[in-house]
There are 4 protein chains.
Amino acid sequence: MTVHIGVIGTGMIGQDHIRRLTGVVTGAEVTAVTDVDARRAKEVAAGVGARALPTGQDVIVDALVDAVVVTSWGPTHAEYVLAAIEAGKYVFCEKPLATTAEDALRIVEAEEAAGRRLVQVGFMRRYDQGYRAMKRVIGEGGIGSPLLMHCAHRNPAAPESYHSEMATQDTAIHEIDTIRWLLDDEIVSAQVLRPRSTSKRFEHLQDPQIMLFETASGVRIDLEVFVNCQYGYDIQCETVGETGTVRLPDPADVWLRTAGQLRTEVAQGWKERFAAAFDRELAEWVASIQDGRLAGPGSWDGYAAAVISDATVDALHSGRVVPVRLKDRPAFYGGRP
Amino acid sequence: MTVHIGVIGTGMIGQDHIRRLTGVVTGAEVTAVTDVDARRAKEVAAGVGARALPTGQDVIVDALVDAVVVTSWGPTHAEYVLAAIEAGKYVFCEKPLATTAEDALRIVEAEEAAGRRLVQVGFMRRYDQGYRAMKRVIGEGGIGSPLLMHCAHRNPAAPESYHSEMATQDTAIHEIDTIRWLLDDEIVSAQVLRPRSTSKRFEHLQDPQIMLFETASGVRIDLEVFVNCQYGYDIQCETVGETGTVRLPDPADVWLRTAGQLRTEVAQGWKERFAAAFDRELAEWVASIQDGRLAGPGSWDGYAAAVISDATVDALHSGRVVPVRLKDRPAFYGGRP
Amino acid sequence: MTVHIGVIGTGMIGQDHIRRLTGVVTGAEVTAVTDVDARRAKEVAAGVGARALPTGQDVIVDALVDAVVVTSWGPTHAEYVLAAIEAGKYVFCEKPLATTAEDALRIVEAEEAAGRRLVQVGFMRRYDQGYRAMKRVIGEGGIGSPLLMHCAHRNPAAPESYHSEMATQDTAIHEIDTIRWLLDDEIVSAQVLRPRSTSKRFEHLQDPQIMLFETASGVRIDLEVFVNCQYGYDIQCETVGETGTVRLPDPADVWLRTAGQLRTEVAQGWKERFAAAFDRELAEWVASIQDGRLAGPGSWDGYAAAVISDATVDALHSGRVVPVRLKDRPAFYGGRP
Amino acid sequence: MTVHIGVIGTGMIGQDHIRRLTGVVTGAEVTAVTDVDARRAKEVAAGVGARALPTGQDVIVDALVDAVVVTSWGPTHAEYVLAAIEAGKYVFCEKPLATTAEDALRIVEAEEAAGRRLVQVGFMRRYDQGYRAMKRVIGEGGIGSPLLMHCAHRNPAAPESYHSEMATQDTAIHEIDTIRWLLDDEIVSAQVLRPRSTSKRFEHLQDPQIMLFETASGVRIDLEVFVNCQYGYDIQCETVGETGTVRLPDPADVWLRTAGQLRTEVAQGWKERFAAAFDRELAEWVASIQDGRLAGPGSWDGYAAAVISDATVDALHSGRVVPVRLKDRPAFYGGRP
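Here's what I pulled together on the structure shown here. (Residues numbered from 1 in each chain as written. Chains lettered and ligands numbered in written order. Predicted model: local features only at pLDDT ≥ 70, side-chain atom pairs only at ≥ 80, totals over all residues. Heavy atoms only, no water.)

**With respect to the side chain of Glu175(C)**
Residues and elements named next belong to chain C.
Part 1 of the argument: If you trace the backbone, Glu175 turns up in helix H7 (residues 166-183).
Part 2 of the argument: With relative accessibility at 1%, the residue Glu175 sits in the buried group.
Part 3 of the argument: Ignoring anything within four residues of it in the chain, the contact list for Glu175 reads Arg125, Tyr131, Cys151, Ala152, His153, Leu223 and Ile235. (Helix = DSSP H or I, 4+ residues; strand = E, 2+ residues; numbered from the N terminus. Buried < 20%, exposed > 50% of the residue type's maximum accessible area, 1.4 Å probe, protein only. Contact = heavy atoms within 4.5 Å.)

Structure (structure tokens):
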């Protein structure tokens, strides 16, 4: 019952997933890889005893490949996911599912036409122990009906290539999915505030940004995105309900008392902070394929995130409250018939 | 060098201040009191060996009164403060300094005309140990230049008489002053978001509210006001700067481990949460009178809070971003000449 | 109803108490002081408008003195306390009540003969908010019957004059009283372990030490005394009961996130850590004199602490478990008739 | 390079390890199992596609078995481990390595004679993220030279079959290994204090117990073992060094504020608390076999733990400080030549 996996894109994240599928997750075997850089593909393939194939399409249609992992350049995601659906194969696609809402919608429609769930999107926050406990508390009524969320997403520093739209597309995209999933509710509008930017950024960047979302049921969310906060990688989230609140803890391995201070180290990156979540994400994906019942974030979540992301970028540019216009959710994806 | 004090208004907060001036703060003696309820005034006076006088004006002009504490009904504050200035006496006025910005401005002008600081406003947060440590950290550059603040002000429950404007006028007014003081910056606009209201409120009330402020230097502040949060009285504040953040701790007397939980009690009201701050506020006020150098929040702070409060209430009703229009700050109050 | 106070000993702690009685505590007035250094006594007296008298005895019998504070050199304490009892005056004596158990017992007997409580000993931990909450939790059965306590008493550094016996006499003496008071139980034996000493001490000193106490009801307490811990002044205490534990929090004014760390400052000395407890101690002492009902730690507590301290020092030298041999507690001090 | 594993003993812990080797750890395959209950062995074998063999010896000598996991009844451990060494196979043995120090020593000698490391003992604390961070901090000199450790090991409740010696043999055994490993030092003596026992225990049991250890370099350790603490499974550890301390955090998935309290849940058992450590333990064991370089706790650690455990039980019975008498550590196990 080993799941044979083909990986499209052997860059940093692709290699990390290959390492996980090979050395951490049981029941999986990487059997074929490809990359635009054929030499890199070959090296990576050799390291795990897989074959390097010329193109993504070759990987997808390969007879020995049961499921595909897409970790190539973002603009190529939609094409590969559509091809995998066409081939009737499971596909795990790193975010974004597609770089345009239109492409994401094509995937939704293709999957619906295929008649069964094949697509999972790489929203790994859903596999973090803290977020899962938060969802459980909310679901059990531990804080009453949710009314508010306060979130922060901070990175120590962003490279020059990071531009203001990426604060939504690359960074807030995680919270956009997490909010929808935690609340089991849909985001209906977005607004972006522009505080004074930090002097520690590249000139062209608006950083930090405050994003404000509203959901269908009227929950309000404020999200700080600050990608040059200097001190570390820090993810905060508090959900406020009618009778209480639930909040992520500050992670700590140990507490030191030294030199006049009580202190603990802050993680410096998402790899470190969400290491266990990434492991669990792929482990559960592989297990769900073995069970034949995909359960993780799917096409519709990828599509919704794309539309909300577009609205947020629009809000950044316009300074206005921008409504999110999603298609009606098909019954196939849990919508009302 | 005992400061002889007259108290106008012997309701709950008045009696509490009298208790403090008598039993907690050294160097002060309550020598005269008054109240619209003459009988209550007499009882309170008897309890501390003071005289009960017929009117506030009588207290203010009384030869044995060095300084006046105004804890009467809000709409009467401005009149008493103006009379105290007229009489050349120090006056400590509970918030609000005045119920209209116009009246607050008249006080500012009267005090400036008098040529010396006489007025202190009851913004006791400035005397809290946590907020003071935060101000010190910011002032020492411990987090770099401030860019953002995240605040929450939660009360367990609000009575039926509490209406939506009071979320600003009675509740957020504390944060409005605290923000200005912590950042040493001026608030220039306000916006109010209306989340879905909790079912635990009286019908007429918008609760919670999210208030958004911007300062002259571009700092953005989000403030949750939630006066029916059920679980306790909870004040949160995090200031985010270019190189770090500083945050109030969760107060705890002791930590219990019992019945499957690690837990501590949350305060149930402001009296408990800010007991030490109230003590320090009056102690430092009395000491500053003895020194002849008032140092606490003054007329200009009361005026600014009134104008910002008006803008915030306007923002609640209009749904718009409302600019704060303050007079130019006179040199007397630290403005640029 | 002002309590007129005479202070014997105007060294650091004496001046600190005078400052408190003058500037922090209401209802008290320092009317006379004395010191072996007559010039210092004069200066201190002048600063607060008191009279400088030649000797402690002069202060005690002074007609304008209602109550005496003894903050002179330890070996003189017993003599002054006995004289105050003789004079029928209230006396607050800094620890130790006496430098020998015999002298402490003479005080106990003198007070009992006088027929009313006159003596309070300066065990200020009983006035700390955390310890009080702990006592309340224990008293309310919040952790069931106590079985164990884990304590630590750490100072950043000790001077050369600090010797190994002082770890008990000057340092652990606070825990000795606190344990008895928290548990409402008597210490019956002491043992001292000698870990490898820190290289950061003066050569002659055993530091750290682990003290082990047992109470009459069988509760076991371990106490780390470490007076050269370098990093700060840190007091820890956890009481373990049949159904749970209760623990002092780590004090924090604010939390910083900066330079890869989440941190707060540790206090550097007992003055800072227990500032509020010292204020409350003297305020409640003065108030209890006004009420005519002394309620703080008294002669018997001072005597018991002295006997337990002797046993602990004996245990340090002998390496044995040393029994504590107290007289039977007289009914006057709450013992069984 | 899949490691084929034979499991001896398919009780609770055996099944748990089989689940891990099959569903969590990559690179391993359970190929043969056995149990005294042949029917249970068959069922478990069927569940993972392994063969059920009649005896442990059959498993050990099976040609398809590369490495053996011993999770049978404690008294049988030594025999199986010796047989595995004899067969030249890697063997992972749950604690205890042997029920007598003599048997443990026979294993040490057999492995030394075999000339290469084959044995790993199931001390999973070494794989916990917190303990690892603590060891790293100590190793980097973050707290200076260690002087003290304070530990607590609490379980919610112990069954009637749990007797006083098991507080050492089954419970403290984990700390005994952890202390040796964290400090890289040897325990040279043990003492046990007997506090009043909790009323929540079975009559025959001494619970809690305070164990006191000393190391060769003079570090003193106090360890509370309390197996009926009622509130949860709670592991505490603080190491105190010359310049600071390092302490395990209180684990928390989320923090709730509700009903007047700020709280988080305490784990209820070791499976939950150390789930990630167990995963990592087996994963690293399998990986180290693939590398041919065993790195986890070995025979010598199992032998030392057995001798220290014996001394501690002796100390419990005698009330004395009992010296630990280990053989000289052979060079093969890192001892000095």
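Let us keep going from here.
**Side note on the packing of helix H1 (residues 12-23) of chain B against helix H2 (residues 38-48) of chain B**
Residues and elements named next belong to chain B.
Part 1 of the argument: Two elements in contact, H1 and H2, have axes whose closest approach is 11 Å; the angle formed by their N-to-C orientations is 15°. In terms of orientation, H1 lies roughly parallel with respect to H2. Relative to H2, the crossing made by H1 is right-handed. Between H1 and H2, the residues in contact are Gln15, Ile18 and Thr22 and Arg40, Val44 and Val48, respectively.
Part 2 of the argument: Residues of the contact of H1 with H2, tallied by class, amount to 3 nonpolar, 2 polar and 1 charged. (Axes fitted to C-alpha atoms, helices over the stretch in contact; angles between N-to-C directions. Parallel < 35°, antiparallel > 145°, perpendicular 65-115°, else oblique. Left-handed = near helix turned anticlockwise from the far one by under 90°. Nonpolar A, V, L, I, M, F, W, Y, C, P; charged D, E, K, R; others polar.)

**Topic: unusual backbone geometry**
Part 1 of the argument: Pro96(A) follows Lys95(A) through a cis peptide bond whose omega is 0°.
Part 2 of the argument: Along the chain, Pro96(A) turns up in the loop between strand E5 (90-93) and helix H5 (101-114).
Part 3 of the argument: Even without being glycine, Gln230(B) reaches a positive phi, approximately 75°.
Part 4 of the argument: Residue placement: Gln230(B) occurs in the loop between strand E10 (220-226) and strand E11 (234-241).

**Structural notes on the relation of the copies chain D and chain A**
Part 1 of the argument: Of the transformation placing chain D onto chain A, the axial shift is 0.0 Å and the rotation is 180°, giving an RMSD of 0.0 Å. Accordingly, the operation relating the two chain copies is best matched by a two-fold axis. No C-alpha of chain D approaches the rotation axis more nearly than that of Thr26(D), which lies at 2.4 Å.
Part 2 of the argument: In this assembly the copies share their binding face: 100% of the residues contributing to the interface of chain D also contribute to that of chain A. (Least-squares fit on C-alpha atoms with pLDDT ≥ 70 in both.)

**Concerning the sheet that holds strand E1 (residues 3-8) of chain C**
All names here are of chain C.
Part 1 of the argument: One open sheet holds the 6 strands; their spatial order is E3-E2-E1-E4-E5-E6, and the pairing between them is parallel. The strands lining the two open edges of the sheet, one partner per strand, are strand E3 (51-52) and strand E6 (119-121).
Part 2 of the argument: Across 4 bridges, the pairing between strand E4 (residues 67-70) and strand E5 (residues 90-93) is parallel. Residue pairing across strands places Val69 opposite Phe92, the latter belonging to E5. (Pairing = 2+ DSSP bridges.)

**What about a negative patch on the surface?**
Part 1 of the argument: Among the surface-exposed residues, Asp253(A), Glu265(A), Glu272(A) and Glu140(D) lie close enough to one another that they form a single negatively charged patch.
Part 2 of the argument: Turning to its location among the elements, Glu140(D) is positioned in the loop between helix H6 (129-139) and strand E7 (146-154). (Patch = residues over 30% accessible without salt bridge, like charges linked within 9 Å, V, L, I, M, F, W, Y side chains within 5 Å. Areas by Shrake-Rupley, 256 points an atom, 1.4 Å probe, with all protein chains shown as cover. Salt bridge = Lys/Arg side-chain N within 4 Å of Asp/Glu carboxyl O. Lys, Arg positive; Asp, Glu negative; His and termini not counted. Charge placed at Lys NZ, Arg CZ, Asp CG, Glu CD.)

**A few points about the packing of aromatic side chains**
Residues and elements named next belong to chain C.
Part 1 of the argument: Per the counting criterion, the structure on display carries 26 aromatic pairs over all chains.
Part 2 of the argument: Aromatic side chains Phe92 and Trp285 sit 5.4 Å apart centroid to centroid with 55° between the ring planes, which places their arrangement in the tilted category. Residue Phe92 is found in strand E5, and its partner Trp285 is found in helix H9 (residues 275-291); the two are separated by 193 residues along the sequence.
Part 3 of the argument: The exposure class assigned to Phe92 is buried, which follows from its relative accessible area of 0%.
Part 4 of the argument: What makes Trp285 buried here is its relative accessible area of 0%.
Part 5 of the argument: When the ring of Trp270 is compared with that of Phe278, the centres are 5.6 Å apart and the planes differ by 55°; the resulting orientation is tilted. (Phe/Tyr/Trp six-rings, centres within 6.5 Å; stacked < 30°, edge-to-face > 60°.)

**Focus on the interface of chain B and chain A**
Part 1 of the argument: Chain B puts 38 residues into the contact, and the matching count from chain A is 38 residues.
Part 2 of the argument: The tally of links between chain B and chain A comes to 2 salt bridges.
Part 3 of the argument: Note that Arg154(A) is salt-bridged to Glu238(B), the shortest N-O span being 3.2 Å.
Part 4 of the argument: Connecting chain B to chain A are 12 residue pairs in polar contact (both at pLDDT 80 or more).
Part 5 of the argument: Listing elements by their share of the side of chain B that touches chain A, those giving two or more residues are strand E7 (146-154), strand E8 (187-193), strand E9 (209-215), E10, E11 and strand E12 (244-247) of chain B.
Part 6 of the argument: Per-class residue counts for the side of chain B that touches chain A are 13 nonpolar, 15 polar and 10 charged. (Polar contact = N/O pair within 3.5 Å; in protein donor to acceptor, adjacent residues only side chain to side chain.)

Function cannot be inferred from these measures alone, as they are strictly geometric.
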